[in-house]
Amino acid sequence: MRLARARTDDGVVSGEYRDGTLTSDGVEYVVDEDGLLPPCEPTALYCVGRNYAATLEQMEYERPEEPDFFIKPPASLSGHHDPIAYPPFTDELTYAGELAAVIDVECRDVAVDEVPDVVRGYTVMNDVDALDQQGRTARKAFRGSGPLGPWVETDVDPSAIDMYTDVAGERRQEANTELMLFGPHEVVSFISRRFTLQSGDVVAFGSPANPGLVEPGDSVEITYEGVGTLRNDVVGPDEW
């Protein structure tokens, strides 16, 4: 089942999304994908880096002994088809196609085998990164750096999903989640031992090797099979 959020004449509604129709409390709303909002309202986005061997090789990172994470604030969030404004403070903007879990219930200290019980489902995130900035917060936590969507897929096994990222029609990333160093359930459990996760929070699992930058005019399409495709267009700094 696909769970989505959209702005309607009745305000923001959440419900099951199917074939352009969002059903909430028995009421049907006609909503095309352009009208979808980020599919959850997180208090934080917990993002794991260095989680694919190919990324370690590309960036000459050392293999981490445990999940290496950082936090994006809710202010970084944007939705499917929202533009990514090229920040005026960077000359090196890049992308990262990531699978992300959406937490369903407040939880902490979750065992690995209990993670499916606390996860609502999975969605797609673009971890937009200003590579030439100093420190992860400056690089990754700015406005619009967290496109998320288009919906939450509740019926999917995250352990072996094919993914690919196309930029301006060119295939830039291609991998499978089975190549992660730390699997999705392991990551959620790890994060839950350090934070009390809230309903709607996001845990993103990192990106495979990231070969290139984006420029204004580029489209970025990130697909996780069985989950969905997140698309955003890069626009110029004048729209920042």
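For the structure itself, look to the data block above.
What you see is a predicted model, and the numbers here were worked out from it, not measured in a lab.

### Section: the overall build of the protein chain
- Tallying secondary structure elements over the protein chain gives 4 helices and 19 strands in all.
- Looking at the protein chain as a whole, 53% of its 240 residues are labelled buried.
- The long-range share in the protein chain, meaning contacts at least 24 apart out of those at least 6 apart in sequence, stands at 73%.
- Surface exposure of the protein chain reaches about 10800 Å², of which carbon and sulfur atoms provide 43%.
- Put simply, the protein chain has 18 plus and 46 minus side-chain charges, and the middle of one group is 4 Å from the middle of the other.

### Regarding helix 4 (residues 184-192)
- With 7 of 9 residues buried, helix 4 is to be regarded as a mostly interior element.
- Close packing links the buried residues of helix 4 with strand 6 (45-49), strand 7 (68-72), strand 11 (97-103), helix 2 (115-118) and strand 17 (202-204).

### What about the pairing of strand 7?
- Alternating residues of strand 7 divide into Asp 68, Phe 70 and Lys 72, all buried, and Phe 69 and Ile 71, none buried.
- The sheet contact formed by strand 6 and strand 7 spans 5 bridges and is antiparallel. If you follow Gly 49 over to strand 7, its bridge partner there is Asp 68.

### Topic: a negative patch on the surface
- On the surface, Asp 162, Glu 174, Glu 178 and Glu 225 cluster together to form a negatively charged patch.
- Position of Glu 174 relative to the elements: it lies in strand 16 (residues 170-176).
- The class for Glu 174 is exposed, based on a relative accessible area of 61%.

### Here we look at the environment of Leu 22
- Its place among the elements puts Leu 22 in strand 3 (residues 21-24).
- Looking at Leu 22, the relative accessible area reads 0%, which means it is buried.
- With 10 residues separating them along the chain, Leu 22 and Asp 32 place their C-alpha atoms 9.2 Å apart.
- With near-sequence residues (within four places) excluded, Leu 22 lies in contact with Ala 4, Arg 5, Ala 6, Val 13, Gly 15, Glu 16, Tyr 17, Val 27, Glu 28, Tyr 29 and Val 31.

### So, the state of the cysteines
- All chains considered together, the criterion is met by 0 disulfides.
- Lacking any disulfide linkage, Cys 40 is separated from the closest cysteine sulfur, that of Cys 47, by 12 Å.

### With respect to the pairing of strand 1 (residues 2-8)
- One ladder, built from 2 bridges, connects strand 1 with strand 14 (residues 146-153); its direction is antiparallel. Counted as the bridge partner of Leu 3 is Val 152 from strand 14.
- Bridge count for strand 1 against strand 2 (residues 11-18) is 6 bridges, and the pairing is antiparallel. Paired with Leu 3 across the strands is Glu 16, a residue of strand 2.
- Taking the residues that link successive antiparallel strands as the turn, the strand 1-strand 2 hairpin has 2 residues.
- Here strand 1 runs beside strand 5 (residues 36-37); their pairing, made up of 2 bridges, is antiparallel.

Rules of the game
- Residues numbered from 1 in each chain as written.
- Predicted model: local features only at pLDDT ≥ 70, side-chain atom pairs only at ≥ 80, totals over all residues.
- Heavy atoms only, no water.
- Helix = DSSP H or I, 4+ residues; strand = E, 2+ residues; numbered from the N terminus.
- Buried < 20%, exposed > 50% of the residue type's maximum accessible area, 1.4 Å probe, protein only.
- Contact = heavy atoms within 4.5 Å.
- Areas by Shrake-Rupley, 256 points an atom, 1.4 Å probe, with all protein chains shown as cover.
- Lys, Arg positive; Asp, Glu negative; His and termini not counted.
- Charge placed at Lys NZ, Arg CZ, Asp CG, Glu CD.
- Pairing = 2+ DSSP bridges.
- Patch = residues over 30% accessible without salt bridge, like charges linked within 9 Å, V, L, I, M, F, W, Y side chains within 5 Å.
- Salt bridge = Lys/Arg side-chain N within 4 Å of Asp/Glu carboxyl O.
- Disulfide = S-S within 2.5 Å.

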